[in-house]
There are 2 protein chains.
Amino acid sequence: MSGTALYDRVALVGIGLIGSSIARALRRDKLARHVACWSRRPETRETTRRLDFCDSVHDALADAVRDADLVILCAPLGANAELAAAMAPHLKKGATISDVGSVKQAVIRDVGPHVPEGVHFVPGHPVAGTEHSGPDSGFAELFERRWCILTPPPGTDQDAVARLTRLWQAMGSKVEIMDAKHHDRVLAITSHLPHLIAYTIVGTVTDLEDHLKREAADAGTIIDRAEIVKFSAGGFRDFTRIAASDPIMWRDIFLNNRESVLEMLGRLSEDLAALQRAIRWGEGDKLEAWFRRTRVIRRGIIDAGQAGTFAATEPEKP
Amino acid sequence: MSGTALYDRVALVGIGLIGSSIARALRRDKLARHVACWSRRPETRETTRRLDFCDSVHDALADAVRDADLVILCAPLGANAELAAAMAPHLKKGATISDVGSVKQAVIRDVGPHVPEGVHFVPGHPVAGTEHSGPDSGFAELFERRWCILTPPPGTDQDAVARLTRLWQAMGSKVEIMDAKHHDRVLAITSHLPHLIAYTIVGTVTDLEDHLKREAADAGTIIDRAEIVKFSAGGFRDFTRIAASDPIMWRDIFLNNRESVLEMLGRLSEDLAALQRAIRWGEGDKLEAWFRRTRVIRRGIIDAGQAGTFAATEPEKP
């Protein structure tokens, strides 16, 4: 891909894991002639300057986005409305605004009203990341073989969509165009609900230690955190990794995809209650039937080549 | 370790992932002079003969355990009582019975009464495994750097415990001695509850597709399984792997560790309800505070060197 700049100037607004990974990928493959970065926090700007993965770091948002052909919002969802309003007067005619948020209807609601006449708006969501955050955790390969979902509202300029599609493809992603509402429901299942559950269970376990100690229960029932950590390879460890993701980002995801998350959570709670009852009443047949059914979807993931390779190197068990 | 046989004859009763992995490890490092295998199912015995990872495969349980110095029960928990009763008359004086079950009080309850005078009983639980099952999925390295927990009842012969400890260490495990009740509570948290949650969420999602189709909901809300599979890298994929584990084994774990699992599940449900309420009422502070707290325990796991290495190769995100 080297040498084929797809944009003249790209501005990244917010420099965390995703923003800094985009900057690194753009620079490595020379996908933009100039990459400008802005972050709200002075410390982040300083780190960005030191790490030297972009062409300019700006203290003022207006200076970062001025003359940009593409502006990508990479801040937590909750910051979007304010950022969009602040940068609107400084945007170039014909520029494209995009973002990387995990909820798309909320981005359209918050950013859409501030998009000036003659500026294109193509919301996006790279389904990639790690449990680490901040500009020092990014890397150019983050988006390789990952999906990037674009959710342009009806009537969006098709050339703007096509150009952004090529950019994500150049960074190694597979691109899918989707309706924003549909995106939010699919991601509520594949990502938001799993994260919520992981956060819940890790919190429940963290509290358990303190509670059992306070109750001065008999020695056999006291469990300390060191033991939980020690035997976490049995399944819990996977949840702790998911639950180590950025707290602000996830707070904003749940607040902004409330409807879909609550619907999925309602379904989950009912099923959990049914399994709880089956355990209490010793209904082995029900449990076994449920557990057999869940193998099918895993098989689908393996067949689709989405399974990853860690199973072979990271054996797990009860 | 080669050449230092710790037992003359080891009998493995049940040849799935764990049993066949033990057989392979024993043979590779010559830890027993003879490894005898038995399985209830003729097809499993046939596969075991074909794969040739042990010295003898027996159609009759009595023939497998006769003259064994060590008998390890590797069948699902629910089969233990019957197997222990059937093999008891054929056990050699001074032999040791052990097992690999994920619940230890139930094993003591089911096997204990059948242990003949002069035979030692040292329950064990290797905290290792994969989501695959059956004799063809085992491998000799499965137990390396994994914990094996032994829960000998009070009064157990210390030499028998020490010898079995050396065997697990020779297979690469770190060994911990623990009270059976304590084991069951710790594993309820670190393994059983995470598996139950993973099974639940994967089942909920599997049902969702059918339900939405039956409701003939508007097109934007229809979600098909292919989409869930496609975007599963956002977190759901980890759950599907956990929920692909052996259904019979897990049925028996939940039925046999009912009390601890229900207690932990009760705590989890309360916390889930609290987070659900925080999302519904838009209480961002509560969500953020919860998500910050859960990072601490992950840090503990990384510091303890239990984090594994897949995070680096398998980036995940919303």
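Here is a short report on the structure shown in this document. Note that the structure is a prediction, hence the values are computed from the model and not measured.

Quick word on the overall build of chain A
In step 1: Scanning chain A for helices and strands turns up 13 helices and nine strands.
In step 2: C-alpha extents for chain A along the principal axes are approximately 65 × 40 × 35 Å.
In step 3: Evaluated residue by residue, chain A yields a buried proportion of 54% over its 318 residues.
In step 4: Contacts in chain A between residues far apart in sequence, at least 24 positions, make up 75% of those at least 6 positions apart.

Brief notes about the sheet that holds strand S2 (residues 32-38) of chain B
All names here are of chain B.
In step 1: Reading across from one edge, S3-S2-S1-S4-S5-S6 is the order of the six strands in this open sheet, with parallel pairing throughout. The sheet is open, and its two edges are formed by strand S3 (56-58) and strand S6 (120-121), each paired on a single side.
In step 2: Where strand S1 (residues 7-13) lies against strand S4 (residues 70-73), four bridges are found, and the strand directions are parallel. What sits directly across from Val13, in S4, is Leu73.

Here's the deal with the interface of chain B and chain A
Frequently, the measure chosen for interface size is the accessible area that the parts lose on association.
In step 1: In this complex, chain B contributes 100 residues to the contact, which on the side of chain A involves 100 residues.
In step 2: At the level of secondary structure, the elements contributing two or more residues to the side of chain B that touches chain A comprise helix H7 (180-214), helix H8 (225-230), helix H9 (236-242), helix H10 (247-256), helix H11 (258-280), helix H12 (284-303) and helix H13 (310-313) of chain B.

Describing unusual backbone geometry
Glycine aside, negative phi is the norm for most residues, and most peptide bonds take the trans geometry.
Residues and elements named next belong to chain A.
In step 1: Backbone geometry places Lys30, a non-glycine residue, at a positive phi of 50°.
In step 2: On the secondary structure map, Lys30 appears in the loop between helix H1 (17-28) and strand S2 (32-38).
In step 3: Looking at Lys30, the number of C-beta atoms within 10 Å reads 14, which means it is partly exposed.
In step 4: The phi angle at Arg145 is positive, at roughly 60°, despite the residue not being glycine.
In step 5: Take Arg145: it is sitting in the loop between strand S7 (124-126) and strand S8 (147-150).

Parameters at a glance
Residue numbers here run from 1 along each chain, matching the order of that chain's written sequence. Chain letters start at A and ligand numbers start at 1, both assigned in the order the entries are written. Residue-level local features of this predicted model are given only where pLDDT is at least 70; pairs of side-chain atoms are given and counted only at 80 or more, and the full residue set underlies all totals for whole chains, interfaces and linings. Strands are runs of DSSP state E lasting at least two residues, helices are runs of H or I lasting at least four, and both sets are numbered from the N terminus onward. Three classes are used. A residue is buried when 20 or more other C-beta atoms lie within 10 Å of its own, exposed when 12 or fewer do, and partly exposed in between, with C-beta atoms placed from the backbone. Any pair of residues counts as being in contact when their C-beta atoms, constructed from backbone geometry, are within 7 Å of one another. At least two bridges found by DSSP between two strands are what make those strands a pair.

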